[in-house]
Amino acid sequence: MAGIGIVGAGISGLTLALRLQQLGVEATLYSEQDAASLRSGRLPNTVSRMGSTLARERELGSAHYRDPGCLMGSAELSIKGDPPLEFLARIAEPFHAVDFRLLLPAYLDDFTGRGGEVVVTGEPADAARVDRWSRRHELMVVTAGRRSGAELFPRDPARSPFDRPQRVLTAGLYGGLDLGPMFSYNVSPGCGEILRMPMMTRGGVVSGVLVEAVPGGPLEPLSRMPAAEVAGGLAGLLAEHAPRLAERWREASNCWARTTCCRARSRRSFARRWPSCPAGGSRWPSETPGSPTTR
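Residues numbered from 1 in each chain as written. Predicted model: local features only at pLDDT ≥ 70, side-chain atom pairs only at ≥ 80, totals over all residues. Heavy atoms only, no water.

**So, the pattern of salt bridges**
The condition is simple: A pairing counts as a salt bridge when a side-chain nitrogen of Lys or Arg comes within 4 Å of a carboxyl oxygen of Asp or Glu. Helix and strand definitions here come from DSSP, where helices need a minimum of 4 consecutive H or I residues and strands a minimum of 2 consecutive E residues; each element is numbered from the N-terminal end. Type-normalised accessible area, obtained with a 1.4 Å probe on protein chains alone, sets the label of each residue: buried when under 20%, exposed when over 50%, and partly exposed for intermediate values.
A full pass over the atoms with the stated rule returns 15 salt bridges. Close ionic contact of R19 with E59 constitutes a salt bridge, the shortest N to O distance being 3.6 Å. Here E59 lies in helix α3 (residues 51–60) and R19 lies in helix α1 (residues 11–22), a separation of 40 residues in the sequence. Look at R19 and you get partly exposed, because its relative accessible area is 33%. Between E247 and R244 there is a salt bridge; the shortest N-O distance is 3.4 Å. Of this pair, E247 and R244 both sit in helix α8 (residues 243–252), separated by three residues, roughly a single helical turn. A single salt-bridge network, built from bridges that share partners, covers R49, E57 and R66.

**Comments concerning the nonpolar core**
To keep things clear, this is the line we draw: Here the nonpolar core consists of buried residues drawn from Ala, Val, Leu, Ile, Met, Phe, Trp, Tyr and Cys, with membership extended through side-chain atoms lying within 4.5 Å. For this analysis, residues touch if any pair of their heavy atoms sits within 4.5 Å.
Of all hydrophobic cores here, the largest spans 22 residues; its most connected members are I6, L14, L29, L104, Y107 and L108. Elements represented by at least two residues in this core include exactly β1 (4–7), α1, β2 (27–31), α2 (35–40) and α4 (100–113). Look past the residues within four positions of I6 in its chain and what remains in contact with it is G13, L16, A17, L20, A27, T28, L29, Y30, V141 and T143. Ranked by size, the runner-up nonpolar core spans 19 residues in total, among them Y174, A213, A242 and W249.

**So, the confidence of the model for the protein chain**
Rules: Scored from 0 to 100, pLDDT records how confident the predictor is in each individual residue.
Per-chain confidence: the protein chain averages 84 in pLDDT, with 83% of residues scoring 70 or above. Considering only residues more than four positions removed or in separate chains, one finds that residues 277–295, a stretch of pLDDT under 50, has 41 contacts.

**Observations regarding the packing of α1 against α3**
Just so we agree on the cut-off: Inter-axis angles, ranging from 0 to 180 degrees, are taken between N-to-C directions of lines fitted to C-alpha atoms, where helices are fitted over the stretch in contact. We call two directions roughly parallel when the angle between them is under 35 degrees, roughly antiparallel when it is over 145, roughly perpendicular when it lies between 65 and 115, and oblique otherwise. When the near helix sits turned anticlockwise from the far one by under a right angle, the crossing is termed left-handed; a clockwise turn instead gives a right-handed crossing. Each residue is assigned to one class: nonpolar for Ala, Val, Leu, Ile, Met, Phe, Trp, Tyr, Cys and Pro, charged for Asp, Glu, Lys and Arg, and polar for all the others, Gly among them.
In contact at an axis separation of 10 Å, α1 and α3 are set at 40° when each is read in the N-to-C sense. Of the possible angle classes, the one that applies to α1 and α3 is oblique. Between α1 and α3 the crossing geometry is left-handed. Contact residues: I11, T15, L18, R19 and Q22 in α1; E57, E59 and L60 in α3. Considered class by class, the residues forming the contact of α1 with α3 number three nonpolar, two polar and three charged.

Set out below in structure tokens:
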């Protein structure tokens, strides 16, 4: 058997692969896409990484895109009300935001450039594929949160009070606005949240905005707008639901930003069951009738 197999080339799988490689442990990464496909794909998320994560990246020798313009040293919180509740916090260790279409391929290139093995699967991993791959390895680690995660680690209804999405997300990258290296978190009670951060992208540092809408509320229609109309729709919503952010945007530019990329999806929150391999049984419980992972 050949070392450790890692399913998923997100930030968890890639940093695990890089760390094992650094420690001299043989690791094989199973990725749905190669680096070129990751670079050319849709906006996957708007994620920031805190100081402890940045320190681990430096330790791995994989610190990328550390432009000062996307290193946030302060955070602003505003909760809509009369009067609003607001405060500004300074952050001892600045955190960082970069388009994962840049960061993940850079990690993947680091891993392969140092001799790591990557198996490009071309499709999401399901339980059967993970079982087949596991026969090559002493240990399989599943870091993918899509199909393989759902099949191998099903929802635990006893610990998951929600059976439907609690937020509908609309993420976009907006050029033409420079609000500085500050994170902005805006809460509109009963309607949702609007987050803004500076992000490094292929076009340089832009404003990444994430709208977390309560389903059926006034922020949700943004998720159904054509991409070309999202910036205009966001302008009106900010004035009503994030007035402090709207004010800062008006001060930064005489016109509203242009949308460079946009994505909408729903988000569900739930706990998953931890499967246990039956004594003397197969490697994956999903093969055993009646086991916790059989669906």
